[in-house]
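Residue strings, one per chain:
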Amino acid sequence: MYEGLSVDDKARANQWNEEGGTVGFVGVKDVGIVGMFCVADGIRPEARNVVTSLVNDEVKVMMLTGDGNGAAKAVAQAVGLPLECVQSRLTPDAKLRYVISELGLSKRTGGLWSKKELLLFVGDGVNDAPALSVADIGVAMGEGAALAMEISDVTLMDSKLDKLLFSIKIGTKVIMTVQENIAFSVAAKLVVIALTFGGKMTLLGAIASDVGVMLLVSINGMKLLPGGPRLCCGKRRQYVQVLDQHKTSAGELV
């Protein structure tokens, strides 16, 4: 039937395919193709800004999709992603193998005080479930398949990509806060030990220092909570700026 189409109709179908659409045909037996149509997924308006922000933060961004080459290239161009960072026509098993290969190439060593490369996989469909299960961090979109949300480590309440960027930034702030609390606690303990061996530490002083450290690290951790600028003013303002920039709220994030 396809061979019976005119040159103009074939050219239009190829153009639709190159632009990222899925082309379908309507045919009648003994008559041939009487119509054709094109459908395509819409790109979220915030996608380009999210990709740009991740790239600026030196995060390697890859797109793995089961769509054809034309659709994958069209989406990549729309969001500002280089074509070499696009893998198309991937089955669920192919996505899984790719993620496993990337895990093998990344730097797995590191700890709380040193950086290590982690792989975060974002998906919303059943086809993404195998890759979500093996990634260091699996993130499922809230409007996606139930299986993906069940397997993932993090589930966003909806499909707004701004919340993905917000989650990464908050995760970074949490690690920094933990490091600050550990450093302060260890330093305070060393001071108490030195004063004890110097004979200048009393039982009341030891108890007061222990309770004081506990209160201070608790207050320092409270800067991660949403609220006014009264606690930890400078970093609180930075937190509010992140919220305003990405137009979201911590209460909407799970």
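Look up a bit, the structure's there.
Residues numbered from 1 in each chain as written. Predicted model: local features only at pLDDT ≥ 70, side-chain atom pairs only at ≥ 80, totals over all residues. Heavy atoms only, no water.

Peer 1: Got a sec to walk through the pairing of strand β2 (residues 32-39)? Specific residues and values, please.
Peer 2: When strand β1 (residues 22-28) meets β2, the two strands line up antiparallel, connected through 7 bridges. Its bridge partner lying in β2, Val23 is registered against Cys38. (Pairing = 2+ DSSP bridges. Helix = DSSP H or I, 4+ residues; strand = E, 2+ residues; numbered from the N terminus.)

Peer 1: How would you summarise the packing of helix α7 (residues 162-197) against helix α8 (residues 203-221) if you had to cite specific residues and measurements?
Peer 2: As a packed pair, α7 and α8 sit with axes 10 Å apart at the nearest point and diverge in direction by 165°. It follows that α7 is roughly antiparallel to α8 by the angle criterion. In this structure, α7 crosses over α8, and the sense of that crossing is right-handed. Contact residues: α7 offers Thr177, Glu180, Asn181, Phe184, Ser185, Ala188, Lys189 and Val192, while α8 offers Ser209, Asp210, Val213, Leu216, Val217, Asn220 and Gly221. (Axes fitted to C-alpha atoms, helices over the stretch in contact; angles between N-to-C directions. Parallel < 35°, antiparallel > 145°, perpendicular 65-115°, else oblique. Left-handed = near helix turned anticlockwise from the far one by under 90°. Contact = heavy atoms within 4.5 Å.)

Peer 1: Pulling in residues and values, what's your account of unusual backbone geometry?
Peer 2: The backbone of Asp30 sits at a positive phi, close to 70°, despite the residue not being glycine. When you line up the elements, Asp30 lands in the loop between β1 and β2. Classification of Asp30 by relative accessible area gives exposed; the value is 76%. In this structure, Glu58 is a non-glycine residue whose phi angle is positive, near 65°. Relative to the elements of secondary structure, Glu58 occurs in the loop between α2 (47-56) and β3 (63-64). (Buried < 20%, exposed > 50% of the residue type's maximum accessible area, 1.4 Å probe, protein only.)

Peer 1: Quick one: what's the story with the side chain of Asn220, residue by residue and with numbers?
Peer 2: Within the secondary structure, Asn220 sits in helix α8. Relative accessible area serves as the criterion here: at 18%, Asn220 is assigned to the buried category. A polar contact is formed between the side chain of Asn220 and the side chain of Asn181, at a distance of 2.8 Å. Sequence-distant contacts of Asn220, that is, excluding residues within four places in its chain, are made with Thr177, Glu180 and Asn181. (Polar contact = N/O pair within 3.5 Å; in protein donor to acceptor, adjacent residues only side chain to side chain.)

Peer 1: So, the pattern of salt bridges: which residues are in play, and what are the values?
Peer 2: By the definition in use, this model includes 8 salt bridges. In this structure, the salt-bridge partner of Asp57 is Lys169, at a minimum N-O distance of 3.9 Å. Here Lys169 lies in helix α7 and Asp57 lies in the loop between α2 and β3, a separation of 112 residues in the sequence. (Salt bridge = Lys/Arg side-chain N within 4 Å of Asp/Glu carboxyl O.)

Peer 1: Can you tell me about a nonpolar patch on the surface, naming the residues and giving the values?
Peer 2: Judged by side-chain polarity, Val174, Val178, Ile182, Val186, Leu190, Ile193 and Phe197 come together as a nonpolar surface patch covering roughly 630 Å² of accessible area. Among the structural elements, Ile193 can be located in helix α7. Judged by relative accessible area, Ile193 falls into the partly exposed class, the value being 44%. (Patch = residues over 30% accessible without salt bridge, like charges linked within 9 Å, V, L, I, M, F, W, Y side chains within 5 Å. Areas by Shrake-Rupley, 256 points an atom, 1.4 Å probe, with all protein chains shown as cover.)

Peer 1: Account for the packing of α2 against helix α3 (residues 69-79), naming residues and giving values.
Peer 2: At a minimum axis distance of 8 Å, the contact between α2 and α3 shows a crossing angle of 70°. One element, α2, and the other, α3, form an angle in the roughly perpendicular class. Within the contact between the two elements, α2 uses Ala47, Arg48 and Val51 and α3 uses Gln77, Ala78 and Val79. Of the residues that constitute the contact of α2 with α3, the class distribution is 4 nonpolar, 1 polar and 1 charged. (Nonpolar A, V, L, I, M, F, W, Y, C, P; charged D, E, K, R; others polar.)

Peer 1: Describe the sheet that holds strand β7 (residues 154-155), naming the residues involved and giving the relevant values.
Peer 2: Strand order in this open sheet of 3 strands is β5-β6-β7, and the pairing throughout is parallel. The two strands at the open ends of the sheet, each matched to only one other strand, are β5 (120-123) and β7.

Peer 1: Explain the environment of Gly20 to me, using residue names and the numbers behind them.
Peer 2: Secondary-structure assignment places Gly20 in the loop between α1 (7-18) and β1. By relative accessible area, which is 16% here, Gly20 ends up buried. As for Gly20 and Val75, which are separated by 55 residues in sequence, their C-alpha atoms are 7.1 Å apart. With near-sequence residues (within four places) excluded, Gly20 lies in contact with Ala40, Gly70, Ala71 and Ala74.

Everything listed is a geometric property; what it means functionally is a separate question.
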